[in-house]
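# Architecture and fold: a report
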Amino acid sequence: MCKGNVTETKHTYIQEFDDCIIIIKNVPALVCAQCGEVYYSDEISEKLEEIVNRLQTMVKDVAIFEYDKVVKAA
Ligand SMILES: [Zn+2]
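Now for a look at the structure at hand. (Residues numbered from 1 in each chain as written. Predicted model: local features only at pLDDT ≥ 70, side-chain atom pairs only at ≥ 80, totals over all residues. Heavy atoms only, no water.)

### Here's the deal with the overall build of the chain
Of the regular secondary structure elements, the chain holds two helices and four strands. Mapped in sequence order, the helices and strands of the chain form the string β-β-β-α-β-α. Reported as C-alpha extents along the three principal axes, the dimensions of the chain are approximately 40 × 25 × 15 Å. Taking all 74 residues of the chain together, 27% fall into the buried category. Sequence-distant contacts in the chain: of pairs separated by 6 or more residues, those separated by 24 or more amount to 52%. Accessible area for the chain stands at about 5,300 Å²; split by element, carbon and sulfur atoms hold 48% of it. (Helix = DSSP H or I, 4+ residues; strand = E, 2+ residues; numbered from the N terminus. Buried < 20%, exposed > 50% of the residue type's maximum accessible area, 1.4 Å probe, protein only. Contact = heavy atoms within 4.5 Å. Areas by Shrake-Rupley, 256 points an atom, 1.4 Å probe, with all protein chains shown as cover.)

So, in structure tokens, the structure goes:
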């Protein structure tokens, strides 16, 4: 957590569970220009958590989603 400038980017979010992996592409994120660390805003973090909790019950093995599509379905 340095104090570098952050810019908006798109990031691939990957969450592994015991029996499945959920991959969500093109998640809006913030990246630090100085150290390259990627952050999600509080709003996006909350949405990701909701989305992943919902998808986890439906996914077997590996599933890939587009953020824009799953967030609208919420
Ligand atoms: Zn940084």
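### Points about the packing of aromatic side chains
For the structure on display, the rule yields one aromatic pair. Judged by centre distance (5.9 Å) and plane angle (70°), the ring pair of Y13 and Y40 falls under edge-to-face. Placement of Y13 in strand 1 (residues 6-16) and of Y40 in the loop between strand 3 (38-39) and helix 1 (42-56) is noted, with a sequence separation of 27 residues between them. (Phe/Tyr/Trp six-rings, centres within 6.5 Å; stacked < 30°, edge-to-face > 60°.)

### Thoughts on the coordination of the zinc ion
Only C2 (SG), C32 (SG) and C35 (SG) from the protein coordinate the zinc ion, and they sit 2.1 to 2.3 Å from it. Mapped onto the sequence, the residues coordinating the zinc ion show the spacing C-x29-C-x2-C. Remark: C35 occurs in the loop between strand 2 (20-32) and strand 3 and C2 occurs in the segment before strand 1; sequence separation between them is 33 residues. C2 sits in the partly exposed class, given a relative accessible area of 28%. (Donors = N, O, S within 2.8 Å, 3.2 Å for Na, K, Ca; no water.)

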